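Observations on the three-dimensional arrangement
What follows is the residue order along each chain.
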Amino acid sequence: QKEVEQNSGPLSVPEGAIASLNCTYSDRGSQSFFWYRQYSGKSPELIMFIYSNGDKEDGRFTAQLNKASQYVSLLIRDSQPSDSATYLCAVNTGGGNKLTFGTGTQLKVEL
Amino acid sequence: GAGVSQTPSNKVTEKGKYVELRCDPISGHTALYWYRQSLGQGPEFLIYFQGTGAADDSGLPNDRFFAVRPEGSVSTLKIQRTERGDSAVYLCASSLRGADTGELFFGEGSRLTVL
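Calculation criteria
Residues numbered from 1 in each chain as written. Chains lettered and ligands numbered in written order. Predicted model: local features only at pLDDT ≥ 70, side-chain atom pairs only at ≥ 80, totals over all residues. Heavy atoms only, no water. Contact = heavy atoms within 4.5 Å. Buried area = accessible area lost by both parts, 1.4 Å probe. Salt bridge = Lys/Arg side-chain N within 4 Å of Asp/Glu carboxyl O. Polar contact = N/O pair within 3.5 Å; in protein donor to acceptor, adjacent residues only side chain to side chain. Nonpolar A, V, L, I, M, F, W, Y, C, P; charged D, E, K, R; others polar. Pairing = 2+ DSSP bridges. Helix = DSSP H or I, 4+ residues; strand = E, 2+ residues; numbered from the N terminus. Axes fitted to C-alpha atoms, helices over the stretch in contact; angles between N-to-C directions. Phe/Tyr/Trp six-rings, centres within 6.5 Å; stacked < 30°, edge-to-face > 60°. Lys NZ or Arg CZ within 6 Å of the ring centre and 35° of its normal. Core = buried A, V, L, I, M, F, W, Y, C linked by side-chain atoms within 4.5 Å. Buried < 20%, exposed > 50% of the residue type's maximum accessible area, 1.4 Å probe, protein only. Disulfide = S-S within 2.5 Å.

**Section: the interface of chain A and chain B**
- Between chain A and chain B, the contact holds 18 residues from the first and 23 residues from the second.
- Between chain A and chain B, a total of about 1,600 Å² is buried, with carbon and sulfur atoms accounting for 50% of that surface.
- Across the contact surface, chain A and chain B share 0 salt bridges.
- Seen at the junction of chain A and chain B, the total is 5 residue pairs in polar contact (both at pLDDT 80 or more).
- Its residues assigned to classes, the side of chain A that touches chain B shows 8 nonpolar, 8 polar and 2 charged.

Listed below in structure tokens is the structure:
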């Protein structure tokens, strides 16, 4: 079992719709969870982090964490073509200072 | 500069050669990470420095890979006897303290191609 698992996609949504991206992780000791966005040919950039169970909202983005189910998700409301990118789920593992990434989900927002 | 700087941006080498990749982190960031990313994959952890010391090198694939950070700032990833399978984008990231409490700032990467 991979430490961090994501569906590679592509996930296609129409402009204005809600995009839902999911991630599961295996290390029950993980405390910090991150979503990074990576445009093609560019480096990853942080868009959200979440530490506590429940929802955390930041503009059009909502991160959801369920530690009991070892599940973290990212919702993007009112999706825009500029949101088209690969979204990487990252989890701190190995005692806290090692960030392990999933393979990423490619999101395509279509006009 | 303001961000993480990596050089070279592109490196083409022949199988069996030695390669050095350099990372200049954001000033004041004590934590420095090296990752490797292959096409269609997420970044794969290689090594983490806290200051001058390698706090976790569990991701280095074998003894051909080595990294240093002698003064706690610039880091160099060294690859000996390169193999075609080493071809990837090597990403460096820095953080003020570490991954558990802060975000990682990535450089643009060094694309290594081994022919």
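**Structural notes on the sheet that holds strand E8 (residues 75-79) of chain B**
Residues and elements named next belong to chain B.
- Read across the open sheet, the 4 strands follow the order E1-E3-E8-E7; overall the sheet is antiparallel. Of all the strands in the sheet, the pair left with one neighbour each is strand E1 (5-7) and strand E7 (65-68). Pairs of neighbouring strands in the sheet enclose a mean axial angle of 15 degrees, with direction left out of account.
- Summarising the sheet, E7 and E8 pair through 4 bridges and their orientation is antiparallel. Following the sheet pairing, Phe65 is matched in E8 by Ile79.

**Considerations on unusual backbone geometry**
- Geometrically, the link from Gly9 of chain A to Pro10 of chain A is a cis peptide bond, its omega value of 10 degrees lying close to zero.
- Structurally, the position occupied by Pro10 of chain A is in the loop between strand E1 (4-5) and strand E2 (11-14).
- In this chain, Thr7 of chain B is followed by Pro8 of chain B through a cis amide linkage whose omega measures -10 degrees.
- The residue Pro8 of chain B is located in the loop between E1 and strand E2 (10-13) in this model.
- Its identity as a non-glycine residue notwithstanding, Gln70 of chain A has a phi of 55 degrees, on the positive side.
- You can see Gln70 of chain A is positioned in the loop between strand E7 (61-66) and strand E8 (71-76).

**Looking at the packing of aromatic side chains**
- All told, the structure shown has 10 aromatic pairs over all chains when counted by the stated rule.
- Against the face of Phe61 of chain A rests Arg60 of chain A, its NZ or CZ located 5.5 Å from the ring centre.

**Structural notes on the nonpolar core**
- Among the nonpolar cores identified, the biggest contains 23 residues, and Trp35, Val72, Leu74, Ile76 and Tyr87 of chain A are the most heavily contacted of them.
- Setting aside anything within four residues of it in sequence, one finds Ile76 of chain A in contact with Ala17, Ile18, Ala19, Leu21, Arg60, Phe61, Asp83, Tyr87 and Leu107 of chain A.
- Grouped together as the second largest cluster of nonpolar side chains are 20 residues, Val4, Leu60, Ile79 and Leu112 of chain B included.

**Things to note about the pattern of salt bridges**
All names here are of chain B.
- For the structure shown, the criterion picks out 7 salt bridges over all chains.
- Between Asp63 and Arg81 there is a salt bridge, and its shortest N-O distance comes to 4.0 Å. Separated by 18 residues along the polypeptide, Asp63 in the loop between strand E6 (53-56) and E7 and Arg81 in the loop between E8 and strand E9 (88-95) bring together distant segments of the chain.
- What emerges from the salt-bridge pattern is a single network uniting Arg64, Glu83 and Asp86.

**Focus: the environment of Pro14 of chain A**
Residue and element names in this part refer to chain A.
- Following the sequence through the fold, Pro14 ends up in strand E2.
- Placed 83 residues apart in sequence, Pro14 and Asn97 show a C-alpha to C-alpha distance of 37 Å.
- Not counting residues within four places of it along the chain, the set of residues in contact with Pro14 comprises Ser79, Val109 and Glu110.

**Considering the state of the cysteines**
- The full count for this structure, using the stated rule, is 2 disulfides over all chains.
- Each sulfur in the disulfide pair Cys23 of chain A and Cys89 of chain A lies 2.1 Å from the other. Note on the Cys23 of chain A and Cys89 of chain A pair: the S-S dihedral is about -70 degrees, so by sign convention the disulfide is left-handed. Linking Cys23 of chain A in strand E3 (residues 19-25) with Cys89 of chain A in strand E9 (residues 85-93), this pair joins segments that are 66 residues apart in sequence. No difference in accessibility class separates Cys23 of chain A from Cys89 of chain A, as the two residues are buried.
- Bridging Cys23 of chain B to Cys92 of chain B, the disulfide has an S-S length of 1.9 Å. Linking Cys23 of chain B and Cys92 of chain B, the disulfide has an S-S dihedral of approximately -65 degrees and is accordingly described as left-handed. Here Cys92 of chain B lies in strand E9 and Cys23 of chain B lies in strand E3 (residues 19-24), a separation of 69 residues in the sequence.

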